[in-house]
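Working through the structure, step by step
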Amino acid sequence: MFKRLLLALGGTLVVLTGAARAEVDPNYTVVLLTENFPPYNMAINGKNFAQEDNIDGIAVDIVKEMFTRAGVKYNLTLRFPWDRIYKLALEKPGYGVFVTARLPEREALFKWVGPIGPDDWVMLAKGDSPINLANLDEARQYRIGAYKGDAISEYLTDKGVEHGTSLRDQENARKLVAGQIDLWATGDPAGRYLAKQEGITGLKTVLRFDSAELYLALNKDMPDEIVAKLQAALDQMRAEGFVDATLNKYL
């Protein structure tokens, strides 16, 4: 009997030890990376590097509040280019990147929290352009510009639609008005916001060809407990109207 008691106690200790190991360190800090993608994330000074309170935007306000409510520590940096920070979040435990589209081909690469906001995919043309499109296939005959590494560019590639890319999406707005491209494949409202920042107005939507929801993408080694806390916080914020109020504040 004594031997059986020892075995039972030993089994209990193993279970308790496993539970203790499963607990997340209260000092665990998530490294959050973002880019200039107005109006969702942007450096206050407009530059390609910023940290913490020098970054704002729809997604930044939502993510900061989400982490605060969830009681999860973080540090936040805005960097350039997108390809670099996406790769860091993909490869480094404890890292996350936002905002990014949750696509089927990306599903297994990250753990996801969201959605944070919508991102319709559109083709923009100059206001006086005669172009009128019924579908994406009709766009193939035109010169198209997109943002390098962005989900929209990846989508066009998958569909076999030839296009050029720029390291900064606002460069496509300038190319459009300069006649270097005929169409700008971008997000809405992001594209119009970026164009306005460049002093460009009057662009028209000639095709709305897809849409995506934007998320926080966390490295797949992120503890599930943290992911669950963040998602619960975001769900509560949405139910309270915080998410809609933040969207309306910027748009």
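Worth saying up front: this structure is predicted, and the values here are computed from it rather than measured.

1. Examining the packing of aromatic side chains
Applying the stated criterion across every chain, the model contains nine aromatic pairs. Taking 5.9 Å as the distance between ring centres and 15° as the angle between the ring planes, the aromatic pair formed by Phe 37 and Tyr 40 counts as stacked. The class of Phe 37 is buried, set by a relative accessible area of 8%. Arranged with centres 5.9 Å apart and planes meeting at 35°, the rings of Tyr 155 and Phe 209 form a pair that is tilted. In this pair, Tyr 155 sits in helix H4 (residues 151-158) while Phe 209 sits in strand E11 (residues 204-219), placing the two residues 54 residues apart along the sequence. With relative accessibility at 14%, the residue Phe 209 sits in the buried group.

2. Overview of the side chain of Thr 77
Relative to the assigned elements, Thr 77 resides in strand E5 (residues 73-78). Residue classification places Thr 77 among the buried positions, given a relative accessible area of 8%. When near neighbours in sequence (up to four residues on either side) are disregarded, Thr 77 contacts Leu 32, Leu 33, Thr 34, Phe 49, Ala 50, Gln 51 and Ile 55.

3. Focus: the UniProt feature "domain: Solute-binding protein family 3/N-terminal" (unreviewed entry) in the chain
Sequence positions flagged by UniProt for "domain: Solute-binding protein family 3/N-terminal" (unreviewed entry) are, in local numbering, residues 32-251. End C-alpha atoms of residues 32-251 are separated by 24 Å, and the span's content is 33% helix alongside 30% strand.

4. Let's talk about the pairing of strand E1 (residues 29-34)
Across the six residues that make up E1, a large majority, five, are buried. Where E1 and E5 come together, six bridges link them in parallel fashion. Its bridge partner being in E5, Thr 34 is matched across the sheet by Leu 78. Relative to strand E6 (residues 95-101), E1 is paired through three bridges, and the arrangement is parallel.

5. Thoughts on the pattern of salt bridges
Summed over all chains, the structure comprises 14 salt bridges. For Asp 53, the salt bridge goes to Lys 64, with nearest N and O atoms at 3.7 Å. Taken together, the residues Asp 53 in the loop between strand E3 (50-51) and strand E4 (55-56) and Lys 64 in helix H2 (residues 58-70) connect sequence positions eleven residues apart. For Asp 53, a relative accessible area of 64% corresponds to the exposed category. Judged by its relative accessible area of 17%, Lys 64 is buried. In this structure, Lys 111 engages Asp 224 in a salt bridge whose closest nitrogen and oxygen atoms are separated by 2.6 Å. Placement of the pair is Lys 111 in strand E7 (residues 110-125) and Asp 224 in helix H7 (residues 224-240), with a sequence separation of 113 residues. For Asp 224, a relative accessible area of 54% puts it in the exposed group.

How each quantity is defined
- Residues numbered from 1 in each chain as written.
- Predicted model: local features only at pLDDT ≥ 70, side-chain atom pairs only at ≥ 80, totals over all residues.
- Heavy atoms only, no water.
- Phe/Tyr/Trp six-rings, centres within 6.5 Å; stacked < 30°, edge-to-face > 60°.
- Buried < 20%, exposed > 50% of the residue type's maximum accessible area, 1.4 Å probe, protein only.
- Helix = DSSP H or I, 4+ residues; strand = E, 2+ residues; numbered from the N terminus.
- Contact = heavy atoms within 4.5 Å.
- UniProt positions renumbered as here; feature names shortened; annotations may be inferred.
- Pairing = 2+ DSSP bridges.
- Salt bridge = Lys/Arg side-chain N within 4 Å of Asp/Glu carboxyl O.

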